[in-house]
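Overview (structure and organization)
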Amino acid sequence: MQINLKQTFAEISQILELIAKVVLNFFKTLQYLFKSKIFLPNLISYGARFTSSVTLPTIVIAIALGVVIGVQLGPQFVSKGVGSKLGILSLLTMSRELVPIMGGFMIATQYGTAITAEIANMQITEQLDALKILKINPIYYLVLPAMLAGLVLAPLVFWLAVILGTYSTFLTVWINEGLVWSSFQSGITSFFHISDMLICLVKACLFTVLVVIISATIGMNVRKGGAREVGTATTTTVIAGFITVIICDLICTMVYLE
């Protein structure tokens, strides 16, 4: 019992220490953002990595979710004469919740784990120490370009996924129930507001910043070992990323709906 308590306290202290390091690295990243020039080669490299790893899975999942909405709700809406409301329902569901959450998960699993693995390997092989000897801060050299690349691309990817996901709902209902586009989009033009688009963009940016900082911090926290420690770090990144995305999504939605 005493051993279990000691282990529990040790794990809690490690989590609190990690959170403190995440907060510290966040403010360091902001400091370099406003005081230093961006290292362009790394920015381009991380942008290409984000595009190749996050875009396709997010879009495919959004399209699949749109098809599910069309299959599940299309017959009921059309049979009851409210097919015109299906468009705004699909769009709001996609833009407010489904795409931000699933997109955040993809950022954590695809982009975040790659950052963690890269930085953890550099930490183990003492490449980060070499950067510090050359008076190059890893936050400036690695974390800042990764964060900026995600900030630029995540809103674009999310909204492309929203549009394609909503259109997949229409195609599904059109094929199965014969609902025409003019009826589907009438609800969108009547009820959709710019704030519904902004909440998706805000979530995209927030999730990206948090996942990148957490991923980099976990990678830097690996002190010794090899492939096993890198694998453990990437697994921790996925778990921490999922929890962070869900909690932040809940907070953002509560604030938005008030």
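Remember, predicted model here, so these are calculated numbers, not experimental data.

Side note on the state of the cysteines
- Going through the model one piece at a time under the given rule, you end up with zero disulfides.
- Counting only cysteine sulfurs, C205 is the nearest neighbor of C200, a cysteine outside any disulfide, at a range of 9.6 Å.
- Residue C248 stays outside any disulfide, its sulfur separated by 6.3 Å from that of C252, the closest cysteine.

Focus: helix 5 (residues 138-177)
- End to end, helix 5 covers 56 Å across 40 residues, agreeing with the expected 58 Å (1.5 Å per residue, within 8%).
- Taking the largest bend as the criterion, helix 5 deviates by roughly 30°, centred on L153, and proline P155 comes between one and four positions later.
- Capping the start of helix 5, N137 holds a side-chain oxygen 2.8 Å from the backbone nitrogen of I139, two or three residues further along.
- G178 occupies a position one or two residues after helix 5 and carries a positive phi of about 80°.

Quick notes on the pattern of salt bridges
- Inspection of the entire model under this criterion finds five salt bridges.
- The partner of D196 in a salt bridge is R96, with the nearest N and O atoms 2.9 Å apart. Of this pair, D196 sits in helix 7 (residues 194-220) while R96 sits in helix 3 (residues 86-124), and the two are 100 residues apart along the sequence.
- Judged by its relative accessible area of 1%, D196 falls in the buried class.
- The exposure class assigned to R96 is partly exposed, which follows from its relative accessible area of 26%.
- Of the charged contacts, one joins E97 and K203 as a salt bridge, the two residues approaching to 3.3 Å between their closest N and O atoms.

What counts and what doesn't
- Residues numbered from 1 in each chain as written.
- Predicted model: local features only at pLDDT ≥ 70, side-chain atom pairs only at ≥ 80, totals over all residues.
- Heavy atoms only, no water.
- Disulfide = S-S within 2.5 Å.
- Helix = DSSP H or I, 4+ residues; strand = E, 2+ residues; numbered from the N terminus.
- Expected span 1.5 Å × (residues − 1).
- Bend = angle between axes of the 7 residues up to and from the residue.
- Polar contact = N/O pair within 3.5 Å; in protein donor to acceptor, adjacent residues only side chain to side chain.
- Salt bridge = Lys/Arg side-chain N within 4 Å of Asp/Glu carboxyl O.
- Buried < 20%, exposed > 50% of the residue type's maximum accessible area, 1.4 Å probe, protein only.

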